[in-house]
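As a plain string of letters, each chain reads:
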Amino acid sequence: MNSSGQSLPGKRILVTGGAGFIGSHLCDDLMKRGNEILCVDNFFTGSKRNILHLLDNPCFEVVRHDICFPLYVEVDEIYNLACPASPVHYQFDPVQTTKTSVSGSINMLGLAKRLKIRILQASTSEVYGDPAVHPQPESYWGNVNPLGLRACYDEGKRCAETLFFDYHRQLGLDIKVVRIFNTYGPRMHPDDGRVVSNFIVQALKGEDITIYGDGGQTRSFCFVDDIVNGMIRMMDTPKGFTGPVNLGNPEECSIRELAERIMEMTGSSSKIVHKSLPEDDPRQRRPDISLAQTRLNWSPTIDLDTGLARTIDYFESCISKPSKG
Ligand code: NAD
Ligand code: UDP
Ligand code: UDP
């Protein structure tokens, strides 16, 4: 057991949602640092393809399991990422989405409590909802519609944060919470409906680029390697520093501008079409990352053009070799 809060090599680390987009990159990075990984995933949105390259490694183990059910394993540290993240997927079965954040977090917190180990929660900028404060600092309480279509995700993640902080206050659990902003990169699911994957796939296939609303809404996109690095830095902060800490790239851009950049970078002949804006779609989003800069000594290193170029390469290879996607 690691109770010192130090990132010692050779730990046995549980990554829930480890077969997903961010989780699989986290597994890669943690393994490169000499750790053993137990990846727990129910494969709702994750894929064996994301972890195929790890399956033969004796330091990697995968278990098909839904974290809404109790899990009894022996590990030194937990990263809790299990939860669908794209609106299309988390709205497919909203009750299961809330259960994953609430019951799933209770089970992972119960596991961390029994083992007396550190646990990190992958929370989200969605806890800020459609923010009235811009950019968003961690101190902002947010503006979330508790009854809307996004609530299963937003309120689920907010309740998960509450659970983490109550296990910390009431039971002394060693918790870490990061609030991740829009993340993109290789291994995003081509059909998950998120804007970066949609626009790139549409541009590469010469299909219409679907802008929802007028495209004036903004997001701040962070490349996945930077997010993973920030999560590991957060996990390795001294005991007692809980966060929440924003992780994201403050480089804000409108959805219209994103569409134009992707069309230019792919040399696409697609045309832009407008579709209706989904309910409660946040109008603006940009992280205030001062806390991550001071406490984690972390800032994103990969700018949008560089990250998009790598992501376009990835989707090009998926489209030309679909079975290897
Ligand atoms: P993803 O959908 O690719 O990964 C989620 C993984 O969790 C998948 O492998 C899925 O099969 C698994 N999963 C879902 N429900 C589960 C359950 N009940 N039990 C076990 N496994 C389950 O999404 P992602 O983009 O990699 O997101 C990972 C985490 O980061 C999520 O918790 C998400 O809320 C958070 N996050 C992501 C972003 C982003 O922009 N990608 C932004 C903010 C927060
Ligand atoms: N739990 C788990 N693995 C463990 C320990 C606990 O999955 O190793 C689950 C257990 O099913 C319980 C939940 O975590 O429902 C919360 O545990 P806690 O000890 O906080 O609560 P209690 O067991 O008292 O309900
Ligand atoms: N969006 C869009 N076209 C798409 C997919 C998404 O215009 O094909 C918009 C969406 O309405 C939102 C933004 O892009 O304003 C980001 O959407 P995404 O689902 O990627 O993330 P989230 O809304 O959860 O930040």
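Rules used throughout
Residues numbered from 1 in each chain as written. Chains lettered and ligands numbered in written order. Predicted model: local features only at pLDDT ≥ 70, side-chain atom pairs only at ≥ 80, totals over all residues. Heavy atoms only, no water. Helix = DSSP H or I, 4+ residues; strand = E, 2+ residues; numbered from the N terminus. Rg over C-alpha atoms; globule rule 2.2 N^0.38 Å. Buried < 20%, exposed > 50% of the residue type's maximum accessible area, 1.4 Å probe, protein only. Contact = heavy atoms within 4.5 Å. Lys, Arg positive; Asp, Glu negative; His and termini not counted. Charge placed at Lys NZ, Arg CZ, Asp CG, Glu CD. Pairing = 2+ DSSP bridges. Axes fitted to C-alpha atoms, helices over the stretch in contact; angles between N-to-C directions. Expected span 1.5 Å × (residues − 1). Near = heavy atom within 4 Å. Polar contact = N/O pair within 3.5 Å; in protein donor to acceptor, adjacent residues only side chain to side chain. Core = buried A, V, L, I, M, F, W, Y, C linked by side-chain atoms within 4.5 Å. Parallel < 35°, antiparallel > 145°, perpendicular 65-115°, else oblique. Left-handed = near helix turned anticlockwise from the far one by under 90°. Nonpolar A, V, L, I, M, F, W, Y, C, P; charged D, E, K, R; others polar. Bend = angle between axes of the 7 residues up to and from the residue.

On to the overall build of the protein chain. Check the secondary structure of the protein chain and you find nine helices and 13 strands. The C-alpha radius of gyration of the protein chain comes to 19 Å, within 12% of the 20 Å expected for a compact globule of 325 residues. Expressed as lengths along the three principal axes of its C-alpha atoms, the size of the protein chain is roughly 55 × 45 × 35 Å. Within the protein chain, buried positions represent 55% of all 325 residues. Once local pairs closer than 6 in sequence are excluded, the contacts in the protein chain between residues at least 24 apart make up 81%. A gap of 4 Å separates the mean positions of the 35 positive and 40 negative side-chain charges of the protein chain.

Right, let's talk about the sheet that holds strand β11 (residues 245–247) for a bit. Taken together, seven strands build an open sheet; the order of strands is β3-β2-β1-β4-β5-β6-β11 and the sheet is parallel. What marks the edges here is a single partner per strand, and that holds for β3 (60–64) and β11. Put simply, the sheet's adjacent strands are angled 20 degrees from each other on average, direction ignored. Direction of pairing for strand β4 (residues 77–80) relative to strand β5 (residues 118–124): parallel, over a ladder of four bridges. Paired with Ile78 across the bridge in β5 is Ile119. Where helix α1 (residues 21–32) meets the sheet, its contacts fall on β1 (12–16), β2 (36–41), β3, β4 and β6 (175–180), and the angle it forms with β1 comes to roughly 170 degrees. Where helix α3 (residues 94–115) meets the sheet, it contacts β1, β4, β5 and β6, and its direction lies at approximately 170 degrees from that of β4.

Here we come to helix α6 (residues 224–235). Taking 1.5 Å per residue as the helical rise, α6 with its 12 residues ought to reach 16 Å, and the 17 Å between its terminal C-alpha atoms agrees with that figure. Counting buried positions along α6 gives nine out of 12 residues, so the element sits mostly inside the fold. Buried within α6 are the following residues: Val224, Asp226, Ile227, Val228, Gly230, Met231, Ile232, Met234 and Met235.

Around ligand 2 lies a shell formed by Pro70, Leu71, Tyr72, Ile106, Asn107, Gly110, Leu111, Lys113, Arg114 and Tyr167. Lys113 is positioned such that a nitrogen or oxygen atom in its side chain is 2.8 Å from an oxygen atom of ligand 2. One of the side-chain nitrogen or oxygen atoms of Arg114 is found 2.6 Å away from an oxygen atom of ligand 2. A total of six residues in the shell around ligand 2 trace back to one element, the largest contributor, which is α3.

Below, the discussion takes up the nonpolar core. Counting residues in hydrophobic clusters, the biggest one holds 60 residues, and the most contacted among them are Ile22, Leu26, Ile37, Tyr79, Met231, Leu247 and Leu258. Counting residues per element, this core draws most heavily on α6, which supplies seven residues. In terms of nonpolar packing, the next biggest core, distinct from the first, is built from 23 residues, Val73, Ala112, Leu163 and Phe165 among them.

Another aspect to go through is the environment of Asp174. Secondary-structure assignment places Asp174 in the loop between α4 (151–171) and β6. For the pair formed by Asp174 and Lys113, sequence separation is 61 residues and the distance between their alpha carbons is 8.8 Å. Contact partners of Asp174, with chain neighbours within four places excluded, come to Ile117, Arg118, Ile119, Lys239 and Gly240. At 2.8 Å, the side chain of Asp174 forms a polar contact with the side chain of Arg118.

The next thing to look at is the packing of helix α5 (residues 195–205) against helix α9 (residues 304–320). Where α5 contacts α9, the two axes come as close as 10 Å, and the packing angle between them is 60 degrees. Between α5 and α9, the interaxial angle falls into the category oblique. At the point where α5 passes α9, the crossing takes the right-handed sense. Across the interface between the two elements, Val196, Ser197, Ile200, Val201, Leu204 and Lys205 of α5 pack against Leu308, Thr311, Ile312, Phe315, Glu316 and Ile319 of α9. Each residue belonging to the contact of α5 with α9 can be placed in one class, and the counts come to eight nonpolar, two polar and two charged.

The subject of this paragraph is α3. Two residues of an α-helix separated by three or four positions point the same way, owing to the 3.6 residues in each turn. Between the first and last C-alpha of α3 there are 31 Å, a value that for 22 residues agrees with the 32 Å anticipated at 1.5 Å per step. At Thr100, α3 shows its maximal bend, which comes to roughly 30 degrees. Of all the positions in α3, only Thr97, Thr100, Ser101, Gly104, Ser105, Asn107, Met108, Leu109, Leu111, Ala112 and Leu115 are classed as buried. Tucked into the core, α3 has its buried residues touching β1, β4, α2 (87–90), β5, α4 and β6. Phi turns positive one or two residues past the end of α3, at Lys116, with a value near 55 degrees.

The values are spatial; any link to function lies outside them.
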